[in-house]
Amino acid sequence: MLEKIKQLAEEVKSTVAQTADEAEQLRIKYLSKKGLVSQLFDEFKTIPNEQKREVGKVLNELKVMAQEKINELKDSFQASSHDQGNVDLTLPGTSFEIGGRHPLSIVKNEIVDIFGRLGFTIAEGPEIEDDWHVFTALNFPLEHPARDMQDTFFIAQDPDILLRTHTSSVQVRVMEKQKPPIRAIFPGRVFRNEAISARAHCIFHQVEGLFIDKNVSFADLKQTLLYFAKEMFGQDTKIRLRPSYFPFTEPSAEMDISCSLCGGKGCNVCKGSGWVEILGCGMVDPAVLECNNIDSSEYTGFAFGMGIERITMLRYQIKDIRLFFENDVRFLEQFRSAD
Ligand code: DAH
């Protein structure tokens, strides 16, 4: 009897059907009440009791296998009938998730758009830079603390090769290649050896701007930045420039905008002052122009630099800078419709 079961199992395993009808015929042949498998079950009743355990097990396996095989054949005809055009078009489709842009990209694109309307083009430079482009050509004195190991990531042991600490380095790259007039912005990633906290990260993003031409004045700088602030934070936004210091600009300033959250009344975002700082700026120092072979008696220019994280945090009231880098979809999916 075991031999018979084995033979039938082989037969079932290798059986094929060309149509759904044939598959049904096979079901009748093997699994119906009078089918071959059922006949074996009848025969099973007649064998000696000592053999029942062993034979019963194998026989059951045959039955299960035959059922699975026939179902498989039948399913294959159902599936391929779709291919032949019998698709039920009224069935709902399978929906799939589409990703969205990262909030930093959304804001970067917006900044690029706003300055694009004022005729600024985009340029980019390398993230791994040398001392000349990040510091020396930008008028950083040798003993300036920004060159210190604590702020700058150096590559290997070479003090000349480093990760750029600001996108101002792209100013130098552009001045090397292009003669004035220059009107461009430089978005990109920057690196600083800083402890990571809710307000600071060792990797972040900046947009730098540079405008060099004849007769460019501080008034041009102010008007350009006022336009930017209003486009970015709303038409009621006011700006305020406070005197500051940067090696590459003279005079230098930091720009505050009236707090977009409380409208200037004072809240915890602006720490009660009604103003929040968003960027640094100034007139390009003549020493920087000369360093880059631009005649400072003929040309003047302005520059500015801002952190994209900071603008994004203000724009969307995000309290912790680390959220930008964690790739948590619960955070990211909130910006899907903002693009
Ligand atoms: N490079 C400065 C920084 O990383 C930002 C900056 C300030 C850029 C003033 C400028 C500028 O072009 O004029 O903090």
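Values in this document were obtained by computation on a predicted structure and should not be read as measured data.

> Which residues make up the layout of surface pockets, and what values do they have?
Put simply, the largest pocket is a space of about 980 Å³. If you go around the largest pocket, you meet 36 residues; those closest to its centre are R192, F204, Q206, F246 and E277. Where the lining of the largest pocket is concerned, the elements lending two or more residues are strand 5 (203-213), strand 6 (239-246), strand 7 (249-258), strand 8 (275-284), strand 9 (300-307) and helix 10 (308-316). Partitioning the lining of the largest pocket into residue classes produces 17 nonpolar, 10 polar and 9 charged. Each pocket or cavity is described by its volume, and for the second largest pocket that value is around 380 Å³. Together, 16 residues line the second largest pocket, and R199, N268, V269, R310 and L314 are the ones closest to its centre. Those elements that provide at least two residues to the lining of the second largest pocket are strand 8 and helix 10. Residues belonging to the lining of the second largest pocket are distributed by class as follows: 8 nonpolar, 3 polar and 5 charged.

> Could you give an account of the nonpolar core, naming the residues involved and the relevant values?
The nonpolar side chains of soluble globular proteins are, as a tendency, buried together. Among the nonpolar cores identified, the biggest contains 42 residues, and F228, I278, F304 and M306 are the most heavily contacted of them. For this core, the secondary-structure elements that each account for two or more residues are helix 5 (103-117), strand 5, helix 8 (218-233), strand 7, strand 8, strand 9 and helix 10. Looking at which element gives the most residues to this core, the answer is helix 5, with 7 residues. Non-local contacts of M306, meaning those with residues more than four positions away in its chain, are made with I111, F115, H205, Q206, V207, F228, I278, L279 and I311. Counting residues in hydrophobic clusters, the runner-up holds 24 residues, among them V172, I212, V284 and L289.

> For helix 5, give the residues involved together with the corresponding values.
Across its 15 residues, helix 5 extends 21 Å between first and last C-alpha, which sits within 8% of the 21 Å expected from 1.5 Å per residue. All of the buried residues in helix 5 are P103, L104, I106, V107, I111, V112, I114 and F115. A positive phi of about 90° marks G119, the residue just after helix 5.

> Describe the sheet that holds strand 7, naming the residues involved and giving the relevant values.
Taken in spatial order, the 7 strands make up an open sheet running 1-4-5-9-8-7-6, and their pairing is mixed. Bordering the open sheet on either side are strand 1 (121-122) and strand 6, each of which pairs with just one other strand. Across 10 bridges, strand 4 (residues 182-191) lies against strand 5 in antiparallel orientation. By the bridge assignment, I185 is partnered in strand 5 with G209.

> Lay out the pattern of salt bridges with the relevant residues and their values.
Tallied over the full model, the rule gives 19 salt bridges. In this structure, the salt-bridge partner of R173 is E129, at a minimum N-O distance of 2.8 Å. Linking R173 in helix 7 (residues 169-177) with E129 in strand 2 (residues 128-130), this pair joins segments that are 44 residues apart in sequence. Note on E129: relative accessible area 3%, which makes it buried. Notably, a salt bridge pairs K214 with E298, separated by 3.3 Å at the nearest N-O pair. Here K214 is found in the loop between strand 5 and helix 8, whereas its partner E298 is found in the loop between helix 9 (286-291) and strand 9, with 84 residues between them in sequence. Taking relative accessible area as the criterion, K214 reaches 45% and is therefore assigned partly exposed. With a relative accessible area of 37%, E298 lands in the partly exposed category. Linked by salt bridges that have partners in common, R240, R242, E254 and D256 make up one network.

> Account for the packing of helix 5 against helix 10, with residues named and values stated.
The contact between helix 5 and helix 10 brings their axes to 9 Å, and the two run at 100°. Here helix 10 runs roughly perpendicular to helix 5, going by the angle between their axes. Side by side, helix 5 and helix 10 meet where P103, L104, I106, V107, K108 and E110 of the first sit next to I308, E309, I311, T312, R315 and Y316 of the second.

About the cut-offs
Residues numbered from 1 in each chain as written. Predicted model: local features only at pLDDT ≥ 70, side-chain atom pairs only at ≥ 80, totals over all residues. Heavy atoms only, no water. 1 Å grid on protein atoms, 1.4 Å probe; cavity = no way out; pocket = protein on both sides within 12 Å on 5 of 7 lines; lining within 4 Å. Points joined across faces, edges and corners; volume = space filled by probe spheres on them. Helix = DSSP H or I, 4+ residues; strand = E, 2+ residues; numbered from the N terminus. Nonpolar A, V, L, I, M, F, W, Y, C, P; charged D, E, K, R; others polar. Core = buried A, V, L, I, M, F, W, Y, C linked by side-chain atoms within 4.5 Å. Buried < 20%, exposed > 50% of the residue type's maximum accessible area, 1.4 Å probe, protein only. Contact = heavy atoms within 4.5 Å. Expected span 1.5 Å × (residues − 1). Pairing = 2+ DSSP bridges. Salt bridge = Lys/Arg side-chain N within 4 Å of Asp/Glu carboxyl O. Axes fitted to C-alpha atoms, helices over the stretch in contact; angles between N-to-C directions. Parallel < 35°, antiparallel > 145°, perpendicular 65-115°, else oblique.

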